[in-house]
Amino acid sequence: METVSQPKRYLVTSALPYANGLKHVGHLAGAYIPADIYTRYLRAQKRDVVFVCGSDEHGTAIPIQAMKEVTTAQAIIDKYHQAMKEDFADLHISFDVYHRTSDPLHHETSREFFTYLHDRGELETKETEQYFDVGSQTFLADRFIKGVCPHCKSVRAFGDQCESCGTALSPDELINPVSTISGQSPVKRKTTHWYLPLARHEEFLRKWILEEHKDDWRASVVGQCKSWIDGGLQSRAVTRDLNWGVQVPLDDAAGKVLYVWFDAPIGYISATKQWALDNNKDWKPYWYDQDTQLVHFIGKDNIVFHCIIFPTMLKLHGNILPANVPANEFLNLEGDKMSTSRNWKLEMRDFIQAFVKKDNGGDQCVDMLRYYLTQIAPESKDSEFTWKGFQDAVNSELVSIFGNYVNRTFVLMHKLCGGKVPRYHSDIADEKDNQLIQDIAAAKARIESLLEQYKFREALFDVIDLSRKGNRYMQEKEPWILAKTVAENPANQQLIDNCLYNCLQLTANLAILINPFLPSTARKMCYMMKVVDKMLDWQNAGSMKLLSMGYSLREPQLLFRKIEDQEIAEQIQLLKSSAMQVAENQPVSPDQPVQPVNDLKPEIVFDDFGKIDLRTGIITAAQKVPKADKLLQLEVDLGFEKRTILSGIAMHFEPEAVVGQHVVVVANLAPRKMRGIDSNGMILMAEDASGKLHFVSAGEASLGGWKVS
Ligand SMILES: [Zn+2]
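Counting restarts for each chain: residues are numbered from 1 in the order of the written sequence. Predicted model: local features are reported for residues with pLDDT of at least 70 only, side-chain atom pairs are reported and counted for 80 or more only, and whole-chain, interface and lining totals are derived from all residues.

Draft legend 1. Local environment of the overall build of the chain. Here a helix means four or more residues in a row that DSSP labels H or I, a strand means two or more in a row labelled E, and each is numbered from the N terminus. In terms of regular secondary structure, the chain is built from 20 helices and 25 strands. What the globule rule says is 2.2 Å times the number of residues to the power 0.38, and the radius of gyration is computed from C-alpha atoms. Since a compact globule built from 709 residues should have a radius of gyration of about 27 Å, the 30 Å found for the chain is in line with a globular shape. By its C-alpha atoms, the chain is 95 × 70 × 50 Å across when sized along the principal axes. Between the buried cut of 20 or more and the exposed cut of 12 or fewer other C-beta atoms within 10 Å of a residue's own C-beta lies the partly exposed class, and all C-beta atoms are placed from the backbone. Taking all 709 residues of the chain together, the buried fraction comes to 42%. Any two residues are considered in contact once their C-beta atoms, placed from the backbone, lie within 7 Å. A sequence separation of at least 24 residues applies to 72% of the contacts in the chain between residues at least 6 apart.

Draft legend 2. Summary view of the packing of helix H4 (residues 104–119) against helix H7 (residues 260–279). Angles shown run from 0 to 180 degrees and are taken between the N-to-C directions of axes, each axis being a line fitted to C-alpha atoms and, for helices, limited to the stretch in contact. Following both chains from N to C, one finds H4 and H7 inclined at 120°, their axes separated by 9 Å at the closest point. In terms of orientation, H4 and H7 fall into the oblique class. Two packed elements cross with a definite hand, and for H4 against H7 that hand is right-handed. Of the residues in H7, those touching H4 at Leu105, His106, Thr109, Ser110 and Phe113 are Asp263, Ile266, Gly267, Ile269, Ser270, Lys273 and Gln274. Classification convention: Asp, Glu, Lys, Arg as charged; Ala, Val, Leu, Ile, Met, Phe, Trp, Tyr, Cys, Pro as nonpolar; all other residues, Gly among them, as polar. In terms of residue class, the contact of H4 with H7 is made up of four nonpolar, six polar and two charged. Reported orientations rely on four angle classes, namely roughly parallel under 35 degrees, roughly antiparallel over 145, roughly perpendicular from 65 to 115, and oblique for the rest. Here a crossing is called left-handed whenever its near helix is offset anticlockwise from the far helix by less than a right angle, and right-handed whenever the offset is clockwise.

Draft legend 3. Representation of helix H14 (residues 456–477) in the model. What a helix is expected to span follows from its residue count: subtract one and scale by 1.5 Å. The end-to-end C-alpha separation of H14 is 32 Å, in line with the 32 Å expected for 22 residues at 1.5 Å each. Burial in H14 covers these residues: Phe456, Ala459, Leu460, Val463, Ile464, Leu466, Ser467, Gly470, Met474 and Lys477. All buried residues of H14 lie within an arc of 140° about the axis, which places them on one face of the element. Exposed side chains of H14 directed beyond 90 degrees from the buried face belong to Gln475 and Glu476. Phi turns positive one or two residues past the end of H14, at Glu478, with a value near 40°. Starting at the helix axis, one direction is taken to each C-beta atom, and the arc is that of these directions.

Draft legend 4. Geometry of the sheet that holds strand S5 (residues 138–139). On the basis of which strands lie adjacent, the open sheet formed by four strands has the order S5-S4-S9-S10 and antiparallel pairing. A strand with exactly one partner marks an edge of an open sheet, and here the two such strands are S5 and strand S10 (236–237). Across two bridges, strand S9 (residues 187–196) lies against S10 in antiparallel orientation. Looking at S10, one finds that Tyr195 is bridged to Ala237. Any two strands are treated as partners once DSSP identifies two or more bridges connecting them.

Draft legend 5. Seen up close, the domain arrangement of the chain. Along its sequence, the chain is organised into domain 1 (9–110 + 259–333), domain 2 (112–256), domain 3 (386–540) and domain 4 (606–695). By convention here, the domain bounds are inherited from an automatic or database domain assignment. The centre of domain 1, based on its C-alpha atoms, is set 21 Å off from the matching centre of domain 2. Counting residues at the interface gives 34 residues for domain 1, matched by 35 residues for domain 2. Listed by contribution, the elements that provide at least two residues to the side of domain 1 that touches domain 2 are helix H2 (61–68), H4, H7 and helix H9 (303–317). Among the elements that take part in the side of domain 1 that touches domain 2, H9 stands out by supplying nine residues, more than any other. Among the residues forming the side of domain 1 that touches domain 2, the class breakdown is 19 nonpolar, nine polar and six charged.

Draft legend 6. Structural view of H7. Along its 20 residues, H7 runs 28 Å from first to last C-alpha, staying within 8% of the 28 Å computed at 1.5 Å per residue. Fitting one axis to the seven residues ending at a residue and another to the seven starting there, the bend at that residue is the angle between the two axes. Of all the bends found along H7, the most pronounced is centred on Gly267 and spans about 30°. A positive phi of about 60° marks Asn280, the residue just after H7.

Draft legend 7. Broad picture of unusual backbone geometry. Here Asn280, not a glycine, exhibits a phi torsion of approximately 60°, which is positive. Looking at the element boundaries, Asn280 is found in the loop between H7 and helix H8 (284–288). For Asn343, which is not a glycine, the phi torsion comes out positive at approximately 60°. For Asn343, the position within the fold is in the loop between strand S15 (331–333) and helix H10 (348–356).

Draft legend 8. The arrangement of the sheet that holds strand S6 (residues 145–148) in detail. Pairing in this open sheet of three strands is antiparallel, and the strands run S7-S6-S8 from one edge to the other. The open sheet is flanked by strand S7 (157–158) and strand S8 (175–179), the only strands paired with a single partner. Strand direction decides the pairing type here: S6 and S7, joined by two bridges, are antiparallel. By the bridge assignment for S7, Lys146 is matched with Phe158.

Draft legend 9. Highlighting the environment of Asn540. Within the element layout of this structure, Asn540 appears in the loop between helix H17 (519–529) and helix H18 (565–585). For the pair Asn540 and Gln45, spaced 495 residues apart in the sequence, the C-alpha separation amounts to 9.7 Å. Sequence-distant contacts of Asn540, that is, excluding residues within four places in its chain, are made with Ile512, Met535 and Leu546.

Draft legend 10. Structural context of the nonpolar core. Connectivity within a nonpolar core runs through C-beta atoms within 7 Å, and the core itself is a set of buried Ala, Val, Leu, Ile, Met, Phe, Trp, Tyr and Cys residues. Counting residues in hydrophobic clusters, the biggest one holds 155 residues, and the most contacted among them are Val25, Tyr38, Val463, Leu500 and Leu513. Setting aside anything within four residues of it in sequence, one finds Tyr38 in contact with Val12, Val295, Leu451 and Tyr454.

Draft legend 11. Highlighting the confidence of the model for the chain. A score between 0 and 100, pLDDT records how confident the predictor is in each residue. With 93% of its residues at a pLDDT of 70 or more, the chain shows a mean pLDDT of 91. Counting contacts from residues 586–599, a segment whose pLDDT is below 50, to residues more than four positions away or on other chains yields 16 contacts.

Draft legend 12. The arrangement of the pairing of strand S4 (residues 124–133) in detail. Pairing analysis gives nine bridges linking S4 to S9, with the strands arranged antiparallel. Each residue of the ladder has a partner; that of Phe132, found in S9, is Val187. In the sheet, S4 pairs with S5 via two bridges, with the strands oriented antiparallel. The residue bridging Asp133 from the neighbouring strand is Thr138, located in S5. Linking two consecutive strands that pair antiparallel, namely S4 and S5, is a turn of four residues; a positive phi of about 55° is found at Gln137 within it.

Draft legend 13. The packing of helix H16 (residues 492–514) against H17, seen in detail. Running from N to C, H16 and H17 cross one another at 155°; their axes reach a closest spacing of 8 Å. It follows that H16 is roughly antiparallel to H17 by the angle criterion. H17 is crossed by H16, and the crossing has left-handed handedness. Only Thr521, Ala522, Met525, Cys526 and Met529 of H17 make contact with H16, whose side of the interface consists of Thr507, Ala508, Ala511 and Ile514. Looking at the contact of H16 with H17, its residues break down into seven nonpolar, two polar and no charged.

Draft legend 14. The environment of Lys432, seen in detail. Relative to the assigned elements, Lys432 resides in helix H13 (residues 431–452). Between the C-alpha atom of Lys432 and that of Cys499, which follows or precedes it by 67 residues, the distance is 9.6 Å.

Draft legend 15. Inspection of the environment of Ser170 at higher detail. Position of Ser170 relative to the elements: it lies in the loop between S7 and S8. The sequence separation of Ser170 and Glu564 amounts to 394 residues, and the corresponding C-alpha distance is 49 Å.

Here is the structure:
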């Protein structure tokens, strides 16, 4: 087997959350809990590790959010920086520093970085024509300009990215661009900007990612990088015309700031500097010494920045490169994508208020959430948070397996061994005893190896599995049965002692192994065992001498409470009603000054329209689609055939109300599978000025007969 020498130090980063709103549990599962588990594990290993994060406070979305909330950009970042910092602390994310990119230290660090690259000729300048909004006298980019996506044709495309297909865009690529400030069509004006010519570094990126890291990085990460590189690396603008951000440190750059994608990852460096200042340490080895292992925890939407762009910047600046970028896929919620605009989300704060800060809540609820989010971690594919799943994970795993094992061990020790750790009689140890000892050692080795490979979900499974083995061992040994025979056969007490001794040592081992995942639980177990937290050092795992003979332990406390049906029913209700409110308010909401007045899709030519085959039909049956609140499954009779069509109208119509409705169907639309059901066609709907949906109907026309020609 290959032996890997251990790095001298580690620098762990979690994606800098954007300070324009509260973050949801999908973010937590993607970039924060895994990083926290990893860091806690490294700390328990006594390795040199620094865990940095902070708020990303630049970019156009900040002033845009300020417009929405009718306040200043500074007020927005202050509000959300503080809120996010508190939420992370409440969920026990143990950053060594939580910094912010509006801090002068960050501005200084970013300007130095830019100057370094600029002075060495690593940037190029270009004069371009950019969209300019005459009304507001501003250049338009990112969220200040919207239009139609050239890739997927969605209207939810902005100057930086398409919200529908996720493709990164530049304003020039948008079809029919519109200013989101004034709603007007913009004009072109000349402006000069600095660019990072990525194409110059293609060879380096190919070798470094596609050869050197093809095996140790996640396949999804390498795959996304490959398609980016193969697609041709474009020069990326490093600066922009905006009055919010880090000023470009050049004389001829008035009114220009660094692009947020450029300064945000430098935030990891300034955060490390801040940590060093606060702790009287040297930050430089963490960014310059090759013996540092840099690991970026992010969501998959951030892969290109952390695997291609930032590493190129780091290489040019003489820094170390990330050793790994364990990017996670997305977490859906109750059958749908999480979305802030549709209010289909579970914010960290929602959970904290509903569980952690409620009576009967507290730290155990933090650990319940950490447990469930790790158990469903979207490590290799998208995964889904459901309240039922949360309840099941807590009740049938944490409570029934892990918690039950620990509780039984303590109760039996008090009942059968006088509340003290019994002696271990190794001369009468049998195969089952030895097997349990081996199981503990094997679990430790496996969990360690999984954690080093960023496989947190599997590692946690192994911890729970070890407690399952403990339950089985106890069940087979039946010390409570043996206890009835001790009066007759006093030697049997030795068998009881051995069983409880092993069970207690396993409990101590479980505390060590669960500690990176569920730190409060581990501490509670230490309290019950009357040991100091030092026992949780990783090197102690595998030992069968963690609790000494004769040592008296506290009475057990339940580690976890059950989650009641009522609690999850309330949460599901809350989610649905808040999403419904948004759906109802959307079209008439007055607080959306940035939306263009008339949201018509771009013009199409007749040939585009001519490709559509419209047929009349009648809905013969309708039902709701399980776990998809917006979809109705419709049976539509077209006269010449019957079709199953899924339509996203469930929020607007009850199934029974649409049966018998005459409709117009796009009959030649490619079939699409949703929720496991093939949808063959599309029902035409039209929206009125108030946003209400109406069926498009040909009245009583004969079925299938009406078509465009
Ligand atoms: Zn798109």
